[in-house]
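Listed below, chain by chain, are the residues.
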Amino acid sequence: MSVPEFSRPERIDTIGEPRTVSIEANEAERAALAKRFDLIGIDRLAASFTIRSEAAGIAVEGRVTAALIQACSVTGDPLPATVDEPVALLFVAATGAGADEVELDAGDIDVVPYEGGAIDLGETGAETMALALDPFPRGPGAAAALKAAGVISEEEAGPFGALAGLKAKLGGRSEPS
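Residues numbered from 1 in each chain as written. Predicted model: local features only at pLDDT ≥ 70, side-chain atom pairs only at ≥ 80, totals over all residues. Heavy atoms only, no water.

J.: In this structure, what is going on with helix H2 (residues 121–132)? I would like to understand it.
T.: Because an α-helix packs 3.6 residues into every turn, residues spaced three or four apart end up facing the same way. Taking 1.5 Å of rise per residue, twelve residues should cover 16 Å, and H2 covers 16 Å from first to last C-alpha, within 8% of that figure. Every buried residue belonging to H2 is among Leu121, Gly122, Glu123, Thr124, Gly125, Ala126, Thr128 and Met129, and all of these are buried. (Helix = DSSP H or I, 4+ residues; strand = E, 2+ residues; numbered from the N terminus. Expected span 1.5 Å × (residues − 1). Buried < 20%, exposed > 50% of the residue type's maximum accessible area, 1.4 Å probe, protein only.)

As structure tokens, then:
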């Protein structure tokens with residue numbers, strides 16, 4: 001397994017009482033992450049986590065912030081975006097293939113398995129940033145580009161759009177009842 005672009009490992013045997021760990025990606029790490037996540041660029045990626053050992057595993061709580069540039073999913077135009085995302089995770093030692101699944105309630109935190117003697121807070125920050133992004137960002141010119149390409153909107157494609165199209169074909173006149 002290769003080392004992630006933004007790796008900040010924390011050895012499990014050094015985690016006990018709560019402590020804060022602040023991390024920030026350097027220019028090379030941001031460039032590599034931008035390539036991995038298909039972004040135009042990442043201007044800033046930082047995180048602050050409180051980590052502590054618990055009976056169930058390693059609890060990690062904090063916040064990931066980023067400033068980046070995505071490409072419009074329609075035109076490819078650059079779109080500035082920001083991330084300010086809370087994090088609440090429980091890292092647990094990975095178990096064998098026959099491990100039981102864990103049911104989570106809506107209020108439960110995400111459980112992340114780890115292998116070896118460390119958790120990677122850099123990868124946690126990178127993945128949190130990526131999950132917080134709009135997967136299909138659209139810029140101000142997207143609607144016009146779609147219309148010019150002949151793509152109809154959801155409103156035009158739905159049942160009310162079909163009725164509006166029928167009404168237009170009938171010239172706006174009402175049929176007798």
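And the narrative resumes.
J.: Explain the sheet that holds strand E4 (residues 57–71) to me, please; I cannot follow it from the model alone.
T.: Strand pairing within a sheet occurs via backbone hydrogen bonds; the two strands may be parallel or antiparallel. Read from one edge to the other, the open sheet built from five strands follows the order E2-E3-E4-E5-E6, with strand pairing classed as mixed. The sheet is open, and its two edges are formed by strand E2 (19–24) and strand E6 (110–114), each paired on a single side. Averaged over all neighbouring strand pairs, the angle between strand axes comes to 30°, with direction disregarded. Two strands pair when backbone bridges link them, and strand E3 (residues 41–54) and E4 are joined in this way by 13 bridges, in the antiparallel orientation. Paired with serine 48 across the two strands is arginine 63, which belongs to E4. Taken strand by strand, helix H1 (residues 27–36) contacts E2 and E3, and its axis lies near 100° from that of E3. (Pairing = 2+ DSSP bridges. Axes fitted to C-alpha atoms, helices over the stretch in contact; angles between N-to-C directions. Contact = heavy atoms within 4.5 Å.)

J.: Please explain the environment of glutamine 70 as it appears in this structure.
T.: As for its position among the elements, glutamine 70 is in strand E4. Judged by relative accessible area, glutamine 70 falls into the buried class, the value being 9%. Taking the C-alpha atoms as reference, glutamine 70 lies 9.0 Å from aspartate 134; in sequence the two are 64 residues apart. If we ignore the near neighbours within four places in the chain, the residues touching glutamine 70 are Leu39, Ile40, Asp77, Pro78, Leu79, Ala81, Leu133, Asp134 and Pro137.

Geometric values such as these leave the question of function open.
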